[in-house]
Amino acid sequence: AYENLFSCPYGDTKSYVLDGMHQLLQECGKHIGGAWPSLLAQLKSVPLESEGPQINLAHACLKTISDTLMDNVPVDCLQLYLTALGALGQQDTETEASMDAMGLLVAASKFLRARRARVAEAMSELSKGQSQGRDTGEAATRQLWVTVVVELQTLGLDRRNKVRDVAVQHLLEVLEQAVEEYGEAMVVLLLLQQVMPGVEEVAKRAREAAQQGALNTAQWLATWAQMMGGVAALLLKTLVPALVSGKTVQEELEPEDGGDGEGERELMTRLWQRFLELYAAVSTLQDDRSLSETVAKVSGLMIECPIPVSCWSSFWDANEKMIATCTADGVVASKTLLEVLGSLVTMQASPRVREQGVVSQEAVAGQLRALAQVMTRQRRRSDRSGHQAAEENQQELHSMLATVLRALVKSFALFAPDAELLLWQETLALLLSHIPVPAAPQRPAWAVPACARALPAVADPQAKAPQLAVWLLLQLYCEEANERIRGLLFEPLVLWLLEAMCARTAGQPKHVWQCVAEALDRVIEHALLPMVSHADLAPADKAAVWKRMLEGMKAFLVPVVSEELATVAVVRGEYLGCVARWKAPEWEDFDVALARTVSLVMLPLATDKEIQSQAVLLLDGVIGDGCQGNYDDDVGRAVLTGTCLDGLMAAAANWGQSGSKSEHGVDVPQLFLAKSAATVAIERCRDVVEKYLEGEEAPENRGRGPAATRAELAVSALSMLETLTLSPEVFAYLCEKLSDGDTSKALNSVRPKNTLKDRRERIAAMVANGNPKAAKRGHMVLLFSTLCRCITSHEEELRQGARRMLQYAASDIGIAEFV
């Protein structure tokens, strides 16, 4: 009767019918008996073809069944009851009814768990005597639970945000509870066949909403994140560990259950690959928050779970491809990409992951490549957006990039020495590619290291501002690398920085390249000693490093071409090299710093006589360039010359014995260095003073003297000579190599017997008789004629210094003995 009345077209009649049904269920629902199929079919049809009042009455009927009559519903009607709840949830007229329908589905799943044995037994009774292949009672019971999952999954795609979120929440709750009750195998198949396709569909709708500019795009993305996070937690916390532990899938699933006879390994592999496809699909959503939160959540779960090594390998690959996609698209912000990489690096740095030994060299190398893509894209964006716009977020991004790189290089120590070195080389290549040098055919021979694979094949031609790369380079190389790595990578790093300094173009401001010069100074300071003392490097290899390094410094410090060629290079905007540095006074600061590095850092660590000679000759060439050029008003050039002289004087005054150890514990032939440095230092000091005196005698300078810069340099040189003290061995060597030609002629005209040999022998006799001052001050005798000329100089400090030195010569040596 109810069925016939409900088929009428009038809404009020339908409402009366449903109200009657509700009263019937409340008062005598336990006695309905065979009417259950008809009643449930009517309730299922209401949401599809009725209005709000009828839907609410149907809702009330279904709720009454759930609250008091579930034990009275025949087992063969439970499927119809569950689909009726699904239909109530899917109608979009009464949202509250939809929300409650999902709660009733969850209550039904709990009923099925609690009455599992009774329902299975009843299902088995119904299947007796029917055709072969009919589901057994247990299989039919599982199918009822599957229906609950399917209905909730369908509601998880509802267009209403509120309904969708609650449906996903209930779906994940049901899946987690069902693992214990129905077994992992059934949940695995549901994930593969129902839930994961649902996640994919949500992602599709989120992309469509974004393309259309829909207001609910954020809600669809939130649903995707909720579903993906829940699936990841279920998979990693429950299913994968259970499958790995040895539980069999084959025993629980027959081919007719949808398992296709798959074994444990095959099913787990299929599940994991499907999960990674969904995980990597986050890159297609083009949403920063979804990407960052998903990677962070999955990474956190991976730390907690005993995942097989094969799963880890494919996980690293999926991450690299995902980041490459995000970087290429250019939609995801660099900050988000760094957050993603930070989550991955933090995960692999965790003790538990390291104990499992699942961090591979290829995975770390992939993260390096991802960082390279991020750096390149960010730099190009900064170039396009302008300095001021880029500066706003630069500091935060630089800090994040440094944090990620620091954490990443710490993992290098997990691998074998060769693999560790290779990863450091890749890191070095990543950073140096942002510091441009000339193209390969124009590169000088000294700039090509023996370990060429440690350098990028070609520098990025768009690299214009290397500050970030240099800053990161110093943090990693000087603070994170161990001494072995510093020593092995010293050569390519120093040569690249030197070549970059020589390759500066005319239009680039000082601050852009100042960081390169400072980096070179710090790298030599921190890593020259590890290179010199490195046991794995042969002496010949170390000598080759020294030779290339000194040649590069010479290329920067000593001009080698004419002014005309340099001017052409400036006009064309070509690489200047160092040949036109004197046209850019700001580079003199870098010259001074580099000369100081050679004098104070490199010379004390030069372990070979040939290397010492090359370093001394380098400083000699810089000083000679200053003496020969017209630098009267060039304060920077004068400071550079004084710096080189000061370094040579310090080496000349070192009284160490041959083969003694330096303060760094390295065997250095100090006496040889002292001899070489003293020879050049005294000769060049004399040249500086003589150059100034010649300027005084020039007709245009009579009565006023040369420029103040020349005077200050001459006074400084004479002061160095005044305070210089030599060892007897060094002075004896000087007597053989140097002579005051003019003085010799003057002295020999008075006393021909007093040859240079006679003077050397007399001083040697004084030293032997207990007068060591004779040797310490003996170089003043060699400068006798120059000191005499200084007495008549216009410069008062020069005259006073010459008088003091002549007095020292008279009191300490007895200059009358040589006149």
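All values derive from a computational prediction rather than experimental measurement. (Residues numbered from 1 in each chain as written. Predicted model: local features only at pLDDT ≥ 70, side-chain atom pairs only at ≥ 80, totals over all residues. Heavy atoms only, no water.)

Student: In this structure, what is going on with the overall build of the protein chain? I would like to understand it.
Tutor: Helices and strands together make up the secondary structure of the protein chain, namely 37 helices and zero strands. A buried classification covers 54% of the 819 residues belonging to the protein chain. Long-range pairs, those at least 24 residues apart, make up 77% of the contacts in the protein chain between residues at least 6 apart in sequence. Total accessible area computed for the protein chain in this model is approximately 35,200 Å², and 51% of it derives from carbon and sulfur atoms. (Helix = DSSP H or I, 4+ residues; strand = E, 2+ residues; numbered from the N terminus. Buried < 20%, exposed > 50% of the residue type's maximum accessible area, 1.4 Å probe, protein only. Contact = heavy atoms within 4.5 Å. Areas by Shrake-Rupley, 256 points an atom, 1.4 Å probe, with all protein chains shown as cover.)

Student: When you look at the nonpolar core in this model, what are you seeing that I'm missing?
Tutor: When a protein is soluble and globular, its nonpolar side chains tend to lie buried together. Counting residues in hydrophobic clusters, the biggest one holds 252 residues, and the most contacted among them are I65, W145, F315, F490 and L528. In terms of residue count, helix α10 (residues 184–212) provides more of this core than any other element does, 14 residues in total. Sequence-distant contacts of L528, defined by excluding residues within four places in its chain, comprise F490, V523, W546, M549, V601, M602 and L605. (Core = buried A, V, L, I, M, F, W, Y, C linked by side-chain atoms within 4.5 Å.)

Student: Mind showing me how you'd approach the packing of aromatic side chains here?
Tutor: Aromatic rings considered in pairs are described by the distance between their centres and by the relative angle of their planes. Enumeration over the complete set of coordinates arrives at seven aromatic pairs. On the basis of an interplanar angle of 90 degrees and a centroid distance of 6.1 Å, the ring pair of W312 and F315 is categorised as edge-to-face. Taken as a pair, W312 and F315 lie in helix α15 (residues 309–329) at a separation of three residues, close to a single helical turn. In this structure, W312 and F315 share a single accessibility class: buried. Among the aromatic residues, those joined into a ring-pair cluster are W272, F275, Y279, W312, F315 and W316. (Phe/Tyr/Trp six-rings, centres within 6.5 Å; stacked < 30°, edge-to-face > 60°.)

Student: For this particular structure, what's the right way to read the packing of helix α20 (residues 417–432) against helix α21 (residues 467–479)?
Tutor: The geometry of a pair of packed helices is captured by two quantities: the angle between their axes and the separation between those axes. Running from N to C, α20 and α21 point in directions that differ by 155 degrees, and their axes come no closer than 9 Å. The angle between the axes of α20 and α21 places the two elements in the roughly antiparallel class. Where α20 abuts α21, its residues W424, T427, L428, L431 and L432 lie against A469, L472, L473 and L476. For the contact of α20 with α21, the per-class residue count stands at eight nonpolar, one polar and no charged. (Axes fitted to C-alpha atoms, helices over the stretch in contact; angles between N-to-C directions. Parallel < 35°, antiparallel > 145°, perpendicular 65-115°, else oblique. Nonpolar A, V, L, I, M, F, W, Y, C, P; charged D, E, K, R; others polar.)

Student: Help me understand the pattern of salt bridges in this model?
Tutor: Side-chain pairs of opposite charge can arise where the charged atoms are in close proximity. Applying the stated criterion across every chain, the model contains 23 salt bridges. R160 serves as the salt-bridge partner of D158, at 2.8 Å between the closest nitrogen and oxygen. Each member of the pair, D158 together with R160, is buried. Among the charged side chains, a salt-bridge network with shared partners connects R406, K410, E479 and E480. (Salt bridge = Lys/Arg side-chain N within 4 Å of Asp/Glu carboxyl O.)

Student: What exactly am I supposed to notice about helix α9 (residues 161–182) here?
Tutor: Within an α-helix, residues lying three or four positions from one another point in the same direction, as the helix has 3.6 residues per turn. Taking 1.5 Å per residue, 22 residues should reach 32 Å; α9 reaches 30 Å between its end C-alpha atoms and fits that length. Positioned one or two residues after α9, G183 has a phi angle of 95 degrees, which is positive. (Expected span 1.5 Å × (residues − 1).)

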